Amino acid sequence: MKILKLIAVIALPLVLLSACSSTQSLQEYFVDSSENPNFLSADLPVSLLNLEKVDLNAEEKDALASLQKLNVLAFKKAADNAMEYDVEKKKVKAILKRDKFNELMRMNTSYGKATIKYLGENDAIDEVIIYGDNKEKGFLLVRVLGDDMNPAHIMQFIKAIQKSDYKGEGLGELGEFIRG
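Computed from a predicted model, the values in this text were never measured in an experiment.

A.B. asks: Quick rundown of the sheet that holds strand S4 (residues 113-121)? Include the residues and the values.
C.D. replies: Taken together, six strands build an open sheet; the order of strands is S1-S2-S6-S5-S4-S3 and the sheet is antiparallel. Looking along the sheet, the strands with just one partner apiece sit at the ends: strand S1 (39-45) and strand S3 (102-108). The mean inter-strand angle of the sheet, taken between neighbouring strand axes irrespective of direction, is 15°. The pairing of strand S5 (residues 124-134) with strand S6 (residues 138-149) spans nine bridges and is antiparallel.

Take a look at the structure:
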């Protein structure tokens, strides 16, 4: 009888641990990667983008008001970390392929290919995820956090950023990565 109790005491935690999801969330990925020397990371207030100096229309101002901060994570590719780049890129793409992320759009930019996804409902977005990669430079992953965001706000925010011609000033090494 004591042996059965001992087995039960040992087996129960193992069963509970195996029942938990082993898949990493995007937030966990950000936290885990921030300590990796191949990554550049920053938590930025939207005010850093200096969009109040840009002539914004009412929709763009509403969009800006709904945003709070940006979590930025960039993998800076080099000759000595090409294999790790491939591994990390696959991890990110696997996280972003999960059903809970809704795709808003895909685009080709001067930087490389980009995808914009979001979490939440169409009219109440919890966060927006912007992912872009470039075979030579690496990849960039941005979590846009805010209140009562909607797809129209995100598009207006992108237009406001384009109007500002923001190139990563004030971000140090991360800004240099963004500028290329």
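A.B. asks: How would you explain the side chain of Asn-71 if you had to name every residue and give the values?
C.D. replies: You can see Asn-71 is positioned in strand S2 (residues 67-76). When its relative accessible area of 5% is taken as the criterion, Asn-71 is described as buried. One polar contact links Asn-71 to Asp-43, side chain to side chain, over a distance of 2.5 Å. Setting aside its immediate chain neighbours within four residues, Asn-71 contacts Phe-30, Ala-42, Asp-43, Leu-141, Val-142, Arg-143 and Leu-145.

A.B. asks: Summarise helix H2 (residues 26-33); cite the residues concerned and give the values.
C.D. replies: By the burial criterion, the buried members of H2 are Leu-26, Tyr-29, Phe-30 and Ser-33. Seen end-on, H2 carries its buried residues on one side only, within an arc spanning 100°. Every exposed residue of H2 that faces more than 90 degrees away from the buried side is listed here: Val-31 and Asp-32. Packing partners of the buried residues in H2 comprise S1, S2, helix H4 (82-96), S5 and S6.

A.B. asks: Explain the packing of H2 against H4 residue by residue, including any values.
C.D. replies: The interhelical angle for the contact between H2 and H4, taken along N-to-C directions, is 160°, at an axis separation of 10 Å. By the angle between their directions, the pair H2 and H4 is classed as roughly antiparallel. Contacts between H2 and H4 involve Leu-26, Tyr-29 and Ser-33 from the first element and Glu-88, Lys-91, Val-92, Ile-95 and Leu-96 from the second. For the contact of H2 with H4, the class distribution of residues is five nonpolar, one polar and two charged.

A.B. asks: An account of the layout of surface pockets is needed here, citing residue identities and associated values.
C.D. replies: Approximately 260 Å³ is the volume found for the second largest pocket. As for the second largest pocket, its lining consists of 13 residues, of which Lys-93, Arg-106, Thr-115, Tyr-131 and Asp-133 are closest to the centre. Elements that contribute at least two residues to the lining of the second largest pocket include exactly H4, S3, S4 and S5. In terms of residues, the lining of the second largest pocket owes the most to one element, S4, which gives four residues. In the lining of the second largest pocket, the residues fall into four nonpolar, two polar and seven charged.

Conventions adopted
Think of each chain on its own: its residues are numbered from 1, step by step along the sequence as written. Only residues with pLDDT of at least 70 get local features here, since the model is predicted, and only at 80 or more are side-chain atom pairs given and counted; chain-wide, interface and lining totals rely on the full set of residues. As a rule here, side-chain values come from all non-hydrogen atoms in the structure, and water together with hydrogens is ignored. Any two strands are treated as partners once DSSP identifies two or more bridges connecting them. Working definition: helices are DSSP H or I runs of at least four residues, strands are E runs of at least two. Numbering for both runs from the N terminus. Convention adopted: a line fitted to C-alpha atoms gives each axis, helices being fitted over their contacting stretch, and angles between N-to-C directions are expressed from 0 to 180 degrees. Relative accessibility thresholds used throughout: buried, under 20% of the residue-type maximum; exposed, over 50%; partly exposed, between the two (1.4 Å probe, protein chains only). We call two N or O atoms a polar contact when they sit within 3.5 Å, provided that within protein one can donate a hydrogen and the other can accept it, with sequence-adjacent residues counted only if both atoms are side-chain atoms. For this analysis, residues touch if any pair of their heavy atoms sits within 4.5 Å. Arc definition: it is the arc formed by the directions from the helix axis to the C-beta atoms. Relative orientations are named as follows: roughly parallel for angles under 35 degrees, roughly antiparallel for angles over 145 degrees, roughly perpendicular for angles from 65 to 115 degrees, and oblique for any other angle. Residues are sorted three ways: Asp, Glu, Lys and Arg are charged, Ala, Val, Leu, Ile, Met, Phe, Trp, Tyr, Cys and Pro are nonpolar, and all the rest, Gly among them, are polar. Buried and open spaces are told apart on a 1 Å grid over the protein atoms alone, a cavity being a set of points where a 1.4 Å probe fits but cannot get out and a pocket being an open set with protein on both sides within 12 Å along at least five of seven lines. Residues with an atom within 4 Å of a point are the lining residues. Grid points are joined across faces, edges and corners, and a volume is the space filled by probe spheres set on the points.

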